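A look at the structure
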Amino acid sequence: MHPRRLAIILILSGLSFSVTTADAYVGPGAGLPIIGMLIALVGAIVLAIVGFIWYPVRRFLRNKKREEEQGESTSDEHHDESSTT
């Protein structure tokens, strides 16, 4: 690691440990929108996971099931034709 990069990392980590408390008040006017935003963010992440992962998996499983059903129906037709002759 370069000495300059190491110095920057040490300075930033030192500054992060020297943080003092802030005497601040977050009232309901600012606190409730923040809570609502966090709930919306979690909901968006869940819906993104469902949209990008679950639906393609469901489509794959549905297509696989249809292929199996079609394979069984064609093998049944061949079996029925050979048994009637």
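This one's a predicted model, so the numbers in the text were calculated from it and none came from an experiment.

Quick notes on the rules
- Residues numbered from 1 in each chain as written.
- Predicted model: local features only at pLDDT ≥ 70, side-chain atom pairs only at ≥ 80, totals over all residues.
- Heavy atoms only, no water.
- Helix = DSSP H or I, 4+ residues; strand = E, 2+ residues; numbered from the N terminus.
- Buried < 20%, exposed > 50% of the residue type's maximum accessible area, 1.4 Å probe, protein only.
- Areas by Shrake-Rupley, 256 points an atom, 1.4 Å probe, with all protein chains shown as cover.
- Expected span 1.5 Å × (residues − 1).
- Patch = residues over 30% accessible without salt bridge, like charges linked within 9 Å, V, L, I, M, F, W, Y side chains within 5 Å.
- Salt bridge = Lys/Arg side-chain N within 4 Å of Asp/Glu carboxyl O.
- Lys, Arg positive; Asp, Glu negative; His and termini not counted.
- Charge placed at Lys NZ, Arg CZ, Asp CG, Glu CD.

Turning our attention to the overall build of the chain. Within the chain, the regular secondary structure consists of 2 helices and 0 strands. Looking at the chain as a whole, 2% of its 85 residues are labelled buried. Of the roughly 8100 Å² that the chain leaves accessible, carbon and sulfur atoms contribute 67%.

With that settled, consider helix α1 (residues 3–17). Across its 15 residues, α1 extends 21 Å between first and last C-alpha, which sits within 8% of the 21 Å expected from 1.5 Å per residue. Counting buried residues in α1 gives 0 out of 15 residues, a small share hidden from the surface.

Together, E67, E68, E69 and E72 make up a region of like negative charge exposed at the surface. Along the chain, E67 turns up in helix α2 (residues 28–84). On the accessibility criterion, E67 (57% relative accessible area) is exposed.

Once that is clear, we can look at a positive patch on the surface. On the surface, a cluster of positive charge is made up of R58, R59, R62 and R66. Residue position: R59 is located in helix α2.

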